[in-house]
Amino acid sequence: SSGINAEYEAIEEIEDHFNMDEFSDVTMLNKPMIFISPNEICSTHKLLLDHQNEITEGDNDPLTEVLSSLGPVPEEENEQMLGGEKSTEFGLVLTNKWELNMSDESNTQALFSKTKYLVVDLLRIQGGESLTSVLHTGANKQQQELYRAIHSRRMAEQQGQEDEEEKNAKLSVFDPNDTTIDKLKQHIIKNLQILEAHKMVTATEDYQELLTSIARDICNQRKYRQRRKQDLKKMAATMDRMNKKKKYYGEAVAHYQEYVKACVSKLSKKQRVGNKKKTAKYTAQKLYDKKVLVSIDDVHQSTFRAVTIEFSTTDEVGVFEVSGKLGGLNLEKINLIFEDLLQLQYEGVSTLKIEDKVTVNVNLLIYLLNKKFYGHE
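Residues numbered from 1 in each chain as written. Predicted model: local features only at pLDDT ≥ 70, side-chain atom pairs only at ≥ 80, totals over all residues. Heavy atoms only, no water.

Novice: Teacher, can you tell me more about the pairing of strand β3 (residues 279-283) here?
Specialist: Remember that side chains alternate between the two faces of the sheet whenever the strand is regular. Residues Ala 280 and Tyr 282 of β3 are buried on one face, while the alternating residues Thr 279, Lys 281 and Thr 283, pointing to the opposite face, are not. Here five bridges tie β3 to strand β5 (residues 307-313), and the two strands are oriented antiparallel to one another. Bridge pairing in β5 places Thr 283 opposite Thr 308. (Buried < 20%, exposed > 50% of the residue type's maximum accessible area, 1.4 Å probe, protein only. Helix = DSSP H or I, 4+ residues; strand = E, 2+ residues; numbered from the N terminus. Pairing = 2+ DSSP bridges.)

Novice: Would you mind going over the sheet that holds strand β8 (residues 351-354) with me for this structure?
Specialist: Hydrogen bonds between backbone groups are what pair the strands of a sheet, and the pairing can be parallel or antiparallel. Strands sit in the order β4-β9-β8 across an open sheet of three strands; the sheet is antiparallel. With partners counted over all chains shown, the strands left at the sheet margins are β4 (293-296) and β8, one partner each. With direction set aside, neighbouring strand axes in the sheet form an average angle of 20 degrees. In this sheet, strand β9 (residues 358-361) lies alongside β8 in antiparallel orientation, the contact comprising four bridges. Bridge pairing in β9 links Thr 351 to Asn 361. Most of the contacts of helix α17 (residues 362-374) go to β9, to which it runs at about 75 degrees, and overall it touches β8 and β9. (Axes fitted to C-alpha atoms, helices over the stretch in contact; angles between N-to-C directions. Contact = heavy atoms within 4.5 Å.)

Novice: It is not clear to me how unusual backbone geometry should be interpreted in this structure. Could you clarify?
Specialist: Across the chain, the bulk of peptide bonds are trans and the bulk of non-glycine residues have phi less than zero. Its identity is not glycine, yet Lys 291 carries a phi of approximately 65 degrees, on the positive side. Structurally, Lys 291 is set in the loop between α15 (284-289) and β4. For Lys 291, a relative accessible area of 59% translates into the label exposed. If you check the backbone angles, Asp 298 has positive phi at about 65 degrees while not being a glycine. Looking at where Asp 298 falls in the secondary structure, it is placed in the loop between β4 and β5. Residue classification places Asp 298 among the exposed positions, given a relative accessible area of 79%.

Novice: What's the story with the nonpolar core in this structure? I'm lost.
Specialist: If you look at soluble globular proteins, the nonpolar side chains tend to sit buried side by side. Counting residues in each nonpolar core, the largest one holds 28 residues, and the members touching the most others are Leu 287, Phe 311, Leu 336, Leu 365 and Leu 369. Those elements that provide at least two residues to this core are β3, α15, β4, β5, β6 (319-326), β7 (329-337), α16 (338-346) and α17. Ignoring anything within four residues of it in the chain, the contact list for Leu 336 reads Gly 318, Val 319, Phe 320, Val 322, Leu 341, Leu 352, Ile 354, Leu 365 and Leu 369. In this structure, Val 134, Tyr 147, Leu 184 and Met 200 belong to the second largest nonpolar core, which totals 21 residues. (Core = buried A, V, L, I, M, F, W, Y, C linked by side-chain atoms within 4.5 Å.)

Novice: Please explain the packing of α16 against α17 as it appears in this structure.
Specialist: Between two packed helices, the angle of one axis relative to the other and the distance separating the axes together describe the packing. One way to put it is that α16 packs onto α17 with a least axis distance of 10 Å and a crossing angle of 140 degrees. Between α16 and α17, the crossing angle belongs to the class labelled oblique. Note that α16 runs across α17; the crossing there is left-handed. In contact with Phe 338, Leu 341, Leu 342, Leu 344 and Gln 345 of α16, α17 contributes Val 362, Asn 363, Leu 365, Ile 366, Leu 369, Asn 370 and Tyr 374. (Parallel < 35°, antiparallel > 145°, perpendicular 65-115°, else oblique. Left-handed = near helix turned anticlockwise from the far one by under 90°.)

Novice: Explanation requested: the packing of helix α8 (residues 108-125) against helix α12 (residues 181-197) in the structure shown.
Specialist: Contact pair α8 / α12: the axes reach a minimum separation of 10 Å and the direction vectors enclose 145 degrees. α12 is crossed by α8, and the crossing has left-handed handedness. Contact residues: Thr 108, Leu 111, Phe 112, Lys 114, Thr 115, Leu 118, Val 119, Leu 122 and Ile 125 in α8; Ile 181, Leu 184, Lys 185, His 187, Ile 188, Asn 191, Leu 192, Ile 194 and Leu 195 in α12. A class-by-class count of the residues in the contact of α8 with α12 yields 12 nonpolar, four polar and two charged. (Nonpolar A, V, L, I, M, F, W, Y, C, P; charged D, E, K, R; others polar.)

What follows is the structure in structure tokens.
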């Protein structure tokens, strides 16, 4: 028995194991998914029902409601339809059964939290036998002046904030329109009416649900601070991993760039014969027949024989000078960077338009330059 208890105590808390808490559903971008077979569902259902009294806390427990809605475990004759232990698994996306349907205008859960802050502000200034009595009892002059001073201080703090996101976060709790304690009470009463319509509070019980939640928050302040520390620690660890990855990929890019430069430099040695430039001259028709040339704007294909296109090496490694003649007219010279062509090829770009006029096939142009200047097929 002592050995079993020791093993039980050594079991890690499920929240720690999966690194989750009660707020994870709200902050999670993608809903979690489990893979489970029909037989496993049936077995889990039976196991929960057999130990329901041990794992639930009465009729108000959420798990009790779930088990009640599921009903009894399927009869034995129906279990054959579920398959054996090795039956096919399928994915189930996990969603919160009690997640409220929020409208764009009113997020009731956020409203509940905001109302708690407003009630705490009110009770700090004006006390009473119950929340209802405080809301419907006028404040004295001293209480009104105290609230105005608090309101003025918060307005000054808000105006001094340059960070727009931080300012919006403050606005979600603090309402600048609550300039007097009477307006604050009207605001609270309006919020309570909305919350009561959503069955989150009950006026006849003096909004005990809200007060209980405030009391729970006060008791759990230490727990919340610990959670914030854990979250900050996780964020710091994530940032550290991201910075290491950024550094790694940055170094990898630098190495690849150096490698490409070395390759181009090595190939360029075959470009030069002494200090003379190496040149390859073609008619547009020949390039068109080789499918290197796709089209030339404002020049019909029937006149391609009269167009001459010339590729020449330059003093800069991997850079080619492209010039052309149309009849007796010289066209403007441009520089073509071989590395840019390789990048386009890597990105899957099939054609390139040079100077918004000449369209060429990227792959075949690379092949042509390789063959003529680098001696590679």
